[in-house]
Amino acid sequence: MRIDYHMHFEKGSYDQEWAEGFFRAAAERQLDEIGVSEHSHTFPEFKALYYHDLILDDSFVGKFQQQWLQTNKFKYTLDDYFRFMEQLRQRHPALKTGIEVCNFQQQDAVRDILRDYPFDYVIGSVHFLRGWAYDSSEIKAEWDNHPLEEIYAWYTEEVEKLADSGLYDVLGHPFNIRLFRYFPDFDVTPYLERVARALAKAHMGIDVNTGTYYRYPVKEISPYPDFMRLAAHYDLPIITTSDAHKPEDCGAYHDEAVAYVRQFGYTQCLHFTQRKRELVPLT
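## Structural notes on the overall build of the chain
Then, in step 1: In terms of regular secondary structure, the chain is built from 10 helices and nine strands.
Then, in step 2: In terms of overall size, the chain behaves like a compact globule, its C-alpha atoms giving a radius of gyration of 18 Å where 283 residues would be expected to give roughly 19 Å.
Then, in step 3: For the chain, the C-alpha atoms occupy an extent of roughly 50 × 45 × 35 Å along the three principal directions.
Then, in step 4: Within the chain, buried positions represent 59% of all 283 residues.
Then, in step 5: Across the chain, the fraction of contacts at a sequence separation of at least 24, relative to all contacts at a separation of at least 6, is 77%.
Then, in step 6: Summed over its atoms, the accessible surface of the chain is roughly 11,900 Å², and 47% of this surface lies on carbon and sulfur atoms.
Then, in step 7: Charge separation in the chain, taken as the distance between the mean sites of 30 positive and 45 negative side-chain charges, equals 2 Å.

Set out below in structure tokens:
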């Protein structure tokens, strides 16, 4: 199957015509199925968790993140989301309803939110390191304040916390800490191994994500080859995704992602329905 399970409506609205653009792009790229994975910052149910975790002081990072939280965030409830997705499903019965949840420190609170909703799948993604949104280009300068090995250690710890919670089906864009082309000059194998082991123990899959190829300076599909080799060794299943934030990007570089993972022996991908997964042929 040709599937894309990672995309977001956030640059538009819960409007039928905006959403139809994603389906048009999917049809042009001959996708069999798509799933929407709205960011948790879309929903006010998660608002307190952001204000608890993020740096929001008067520092360079804090001021930016204060503004970020006040811009186009928390505008739809989870009930709104499910109603809109059901509306779309009237025309597109195969549509899946997912969510991408940030690496909050209060995983019990996340569990309390998620348990009331029938998601098809849940992606857990590391978006913050010690309260800093490391993937935001506006505060990229903060990278210079941290040794790269510290970044790898922090990232690994956050993945382990996500995996230990037992709440997630997939890790989003693994090791996208390469996105601004900060490449290590030290042995990262212990960190890669820890992440792979944590995901295997939690029975989580990985998100083979083309967003880091076409949206970020690194211009590579995530996860990068060193981790893909370990993922294959640990038999971690995959989803192939575009991380589209605009309709025209749905399914972007799908064929490239398939060719990429085939190099590591992958011939199947995950298919989800109501948190139940199956492996289907990768095409």
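From this point on, the discussion continues.
## What to know about helix α6 (residues 148–165)
Then, in step 1: In a regular helix each residue adds 1.5 Å, so 18 residues correspond to 26 Å; α6 covers 26 Å between its end C-alpha atoms and thus fits that length.
Then, in step 2: Turning to α6, its buried residues number three or more, namely Leu-148, Ile-151, Tyr-152, Ala-153, Trp-154, Tyr-155, Thr-156, Glu-158, Val-159, Leu-162, Ala-163 and Ser-165.
Then, in step 3: Looking at the buried residues of α6, the elements they touch are β3 (96–102), α5 (107–114), β4 (121–125), β5 (170–171) and α7 (189–202).
Then, in step 4: Once α6 ends, the next one or two residues include Gly-166, with phi positive near 70 degrees.

## Digging into unusual backbone geometry
Glycine aside, the phi torsion of most residues is negative, and most peptide linkages are trans.
Then, in step 1: With an omega of 0 degrees, the peptide bond between Ser-222 and Pro-223 qualifies as cis.
Then, in step 2: Mapped onto the fold, Pro-223 is located in the loop between α8 (211–214) and α9 (225–233).
Then, in step 3: At Gln-30, a residue that is not glycine, the phi angle is positive and equals roughly 60 degrees.
Then, in step 4: If you trace the backbone, Gln-30 turns up in the loop between α1 (16–28) and β2 (33–39).

## Brief notes about the packing of α1 against helix α4 (residues 78–89)
Then, in step 1: Between α1 and α4, whose axes approach to 11 Å, the crossing angle comes to 60 degrees. With respect to each other, α1 and α4 are oriented oblique. For the crossing formed where α1 meets α4, the hand is right-handed. When α1 is examined against α4, the residues Gln-16, Ala-19 and Phe-23 are found in contact with a partner set consisting of Phe-84, Gln-87 and Leu-88.

Criteria and thresholds
Residues numbered from 1 in each chain as written. Predicted model: local features only at pLDDT ≥ 70, side-chain atom pairs only at ≥ 80, totals over all residues. Heavy atoms only, no water. Helix = DSSP H or I, 4+ residues; strand = E, 2+ residues; numbered from the N terminus. Rg over C-alpha atoms; globule rule 2.2 N^0.38 Å. Buried < 20%, exposed > 50% of the residue type's maximum accessible area, 1.4 Å probe, protein only. Contact = heavy atoms within 4.5 Å. Areas by Shrake-Rupley, 256 points an atom, 1.4 Å probe, with all protein chains shown as cover. Lys, Arg positive; Asp, Glu negative; His and termini not counted. Charge placed at Lys NZ, Arg CZ, Asp CG, Glu CD. Expected span 1.5 Å × (residues − 1). Axes fitted to C-alpha atoms, helices over the stretch in contact; angles between N-to-C directions. Parallel < 35°, antiparallel > 145°, perpendicular 65-115°, else oblique. Left-handed = near helix turned anticlockwise from the far one by under 90°.

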